[in-house]
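# Topology and contacts: notes
So the chains spell out like this:
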Amino acid sequence: TQNCAACHGLDGLGNGPNSITIEKKPANFTRAFYKQYPDDFWFYRVSEGVIGTRMPRFNEILTEEERWYLVAYLKTLPQATEVVVDKVDQIDKVE
């Protein structure tokens, strides 16, 4: 999660420290429709990144096994929390 938290936040809400400076905001993975994504789609997104966003291609950084662990982690995130970051004090701070 250390690669993800800078943008997506510690809880996957899309409120990491970098989120305030990104024009296209990071995904909030607790939104209900993300729970419908199959594992192979998550793996593709983690591996290839997302065109038009700052989401990198983690197939160049993480091993295949690490990417599958990340897919498993994403599926454990709680559901149905909506966070909109528009002020610095709303950023998820890493301590």
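Residues numbered from 1 in each chain as written. Predicted model: local features only at pLDDT ≥ 70, side-chain atom pairs only at ≥ 80, totals over all residues. Heavy atoms only, no water.

### Describing the packing of aromatic side chains
This is how the line gets drawn: Geometry of aromatic contacts follows a simple scheme: Phe, Tyr and Trp rings, the Trp one being its six-membered ring, pair when their centres are within 6.5 Å, and the pair is stacked under 30 degrees between planes, edge-to-face over 60, tilted otherwise.
One pass over the structure, following the stated rule, counts nine aromatic pairs. Judged by centre distance (4.4 Å) and plane angle (35°), the rings of Phe33 and Tyr34 are tilted. Arranged with centres 5.3 Å apart and planes meeting at 80°, the rings of Tyr34 and Tyr37 form a pair that is edge-to-face.

### Concerning the environment of His8
We count it as follows: Helix and strand labels come from DSSP, where a helix needs a run of H or I of at least four residues and a strand needs a run of E of at least two; each type is numbered from the N terminus. By definition in these notes, contact holds between two residues if any of their heavy atoms fall within 4.5 Å. In protein, a polar contact means a hydrogen-donor-capable atom and an acceptor-capable atom, both N or O and within 3.5 Å, with residues adjacent in sequence counting only if both atoms are side-chain atoms; elsewhere, any N or O pair within 3.5 Å suffices.
Examined against the element boundaries, His8 turns out to sit in helix H1 (residues 5–8). Taking the C-alpha atoms as reference points, His8 and Ser19, separated by eleven residues in sequence, lie 7.3 Å from one another. When neighbours within four sequence positions are excluded, His8 is seen to be in contact with Leu13, Gly14, Asn15, Gly16, Pro26, Ala27, Phe29 and Met55. A polar contact of 3.0 Å, which involves the side chain of His8, links it to the backbone oxygen of Ala27.

### Some words on the nonpolar core
Definition in use: Here, nonpolar core refers to any group of buried Ala, Val, Leu, Ile, Met, Phe, Trp, Tyr and Cys residues whose side-chain atoms link them within 4.5 Å. Using a 1.4 Å probe on the protein chains alone, a residue whose accessible area is under 20% of its type maximum counts as buried, one over 50% counts as exposed, and one in between counts as partly exposed.
Membership of the largest hydrophobic core is limited to twelve residues, which are Cys4, Phe29, Tyr34, Trp42, Phe43, Val46, Phe58, Leu62, Leu70, Val71, Leu74 and Leu77. Of all elements in the fold, only helix H2 (39–48) and helix H3 (64–74) reach the threshold of two or more residues within this core.

### Re H2
Spelled out, the test is: Regarding the arc, it is the one traced by the directions from the helix axis to the C-beta atoms.
Residues of H2 that are buried: Trp42, Phe43, Val46 and Ser47. For H2, the buried positions fall inside an angular range of 125° around the axis, keeping them on one side. On its buried face, H2 is in contact with H3. Residue Gly49 follows H2 closely and has a positive phi angle near 75°.

### Looking at the pattern of salt bridges
How we decide: Salt bridges, as used here, are contacts in which a Lys or Arg side-chain nitrogen is within 4 Å of a carboxyl oxygen on Asp or Glu.
On inspection of all chains with the given rule, the structure shows three salt bridges. Between Lys75 and Asp39 there is a salt bridge, and its shortest N-O distance comes to 3.1 Å. One end of the pair, Lys75, is in the segment after H3; the other, Asp39, is in helix H2, with 36 residues separating them in the sequence. Relative accessible area serves as the criterion here: at 39%, Lys75 is assigned to the partly exposed category. Ionic pairing is found between Arg57 and Glu60, a salt bridge with its closest N-O pair at 3.6 Å.

That's the geometry; what it means functionally is another story.
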